[in-house]
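If you want the building blocks of each chain, they are given just below.
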Amino acid sequence: MNIASLSHVTLTIMVILMFIGASPGSTGGGIKTSTFSILLLSLRSTLKSESSVEVFRRNIPNAIIIKALSFLVSALILVSAVFLLLIMIEDKPYLDLLFETVSAFGTVGLSTGVTPQLTAGGKILITVLMYLGRIGPITLGLALSRTLRRGRIEYPEAKIMIG
């Protein structure tokens with residue numbers, strides 16, 4: 001199937017699905033389906049003004065929700081940075097470059113056909129993003145999963161209005 005012949009709506013939906021990516025433990029990249037699910041559950045709990053996130057009679061710890069949010073933000077920053085760099089150095093259609101960028105991050109392997117036409121700099125960016133998309137979330141997860149040593153001093157909680 002020629003990916004470039006798909007409609008803009010179909011390509012946009014594919015970009016979203018590639019960004020979410022594969023399930024944990026697989027070789028695929030992306031933010032992972034479990035991370036996306038935790039974020040949706042957290043959003044639901046927030047909209048319902050619930051004090052905790054619960055699913056299948058289990059409570060999801062706040063530390064897991066913060067990790068999921070950290071994954072999302074770091075992935076958005078990484079993909080956005082590479083995408084903006086590609087827009088600056090390449091003279092290709094916007095959606096094609098976005099598709100290639102997210103496909104590389106999610107290690108999907110799909111292309112609209114512009115990858116062979118990229119400059120050397122663009123190809124390097126896509127290649128680096130493929131590695132970061134697969135290794136980056138794992139490395140970040142390991143770094144975030146380490147238990148923090150708390151000192152004997154505990155500071156009071158800050159009450160900050162959000163939204």
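Read on for a plain summary of the structure.

Each value, and the rule that gives it
Residues numbered from 1 in each chain as written. Predicted model: local features only at pLDDT ≥ 70, side-chain atom pairs only at ≥ 80, totals over all residues. Heavy atoms only, no water. Phe/Tyr/Trp six-rings, centres within 6.5 Å; stacked < 30°, edge-to-face > 60°. Helix = DSSP H or I, 4+ residues; strand = E, 2+ residues; numbered from the N terminus. Buried < 20%, exposed > 50% of the residue type's maximum accessible area, 1.4 Å probe, protein only. Expected span 1.5 Å × (residues − 1). Salt bridge = Lys/Arg side-chain N within 4 Å of Asp/Glu carboxyl O. Contact = heavy atoms within 4.5 Å. Patch = residues over 30% accessible without salt bridge, like charges linked within 9 Å, V, L, I, M, F, W, Y side chains within 5 Å. Areas by Shrake-Rupley, 256 points an atom, 1.4 Å probe, with all protein chains shown as cover. Lys, Arg positive; Asp, Glu negative; His and termini not counted.

1. Considerations on the packing of aromatic side chains
Then, in step 1: Applying the stated criterion across every chain, the model contains 2 aromatic pairs.
Then, in step 2: Arranged with centres 5.6 Å apart and planes meeting at 25°, the rings of F19 and F105 form a pair that is stacked. Residue F19 is found in helix α1 (residues 8-20), and its partner F105 is found in helix α4 (residues 94-105); the two are separated by 86 residues along the sequence. The burial state of F19 is the same as that of F105; both residues are buried.
Then, in step 3: Arranged with centres 5.1 Å apart and planes meeting at 75°, the rings of F83 and Y94 form a pair that is edge-to-face.

2. Regarding helix α3 (residues 62-89)
Then, in step 1: Taking 1.5 Å per residue as the helical rise, α3 with its 28 residues ought to reach 40 Å, and the 41 Å between its terminal C-alpha atoms agrees with that figure.
Then, in step 2: Within α3 the residues assigned to the buried category are I65, A68, F71, A75, V79, V82, F83 and L86.

3. As for the pattern of salt bridges
Then, in step 1: Here the structure, examined in full by the defined rule, presents 1 salt bridge.
Then, in step 2: For K48, the salt bridge is made with E50, and the minimal N-O distance between the two is 3.6 Å.

4. What to know about the environment of I126
Then, in step 1: By the element assignment, I126 lies in helix α5 (residues 120-145).
Then, in step 2: As for I126 and T115, which are separated by 11 residues in sequence, their C-alpha atoms are 8.4 Å apart.
Then, in step 3: Aside from chain neighbours lying at most four places away, what touches I126 is L86, E100, T101, A104 and L118.

5. Description of a nonpolar patch on the surface
Then, in step 1: On the surface, a cluster of nonpolar side chains totalling about 390 Å² of accessible area is made up of F36, L40, L43 and L47.
Then, in step 2: Mapped onto the elements of the fold, L43 is located in helix α2 (residues 33-47).
Then, in step 3: By relative accessible area, which is 46% here, L43 ends up partly exposed.

6. Observations concerning unusual backbone geometry
Then, in step 1: Located in the positive-phi region is K32, a residue other than glycine, with phi close to 85°.
Then, in step 2: Tracing the backbone shows K32 in the loop between α1 and α2.
Then, in step 3: Phi is positive for T107, which is not a glycine, with a value near 45°.
Then, in step 4: Residue T107 is classed as partly exposed on the basis of its relative accessible area of 29%.

7. Some remarks on the side chain of E90
Then, in step 1: Looking at the element boundaries, E90 is found in the loop between α3 and α4.
Then, in step 2: The buried charged residue E90 lacks any salt bridge, with K92 as its nearest oppositely charged partner at 5.5 Å.
Then, in step 3: Ignoring anything within four residues of it in the chain, the contact list for E90 reads L97, Q117, L118, T119 and G122.

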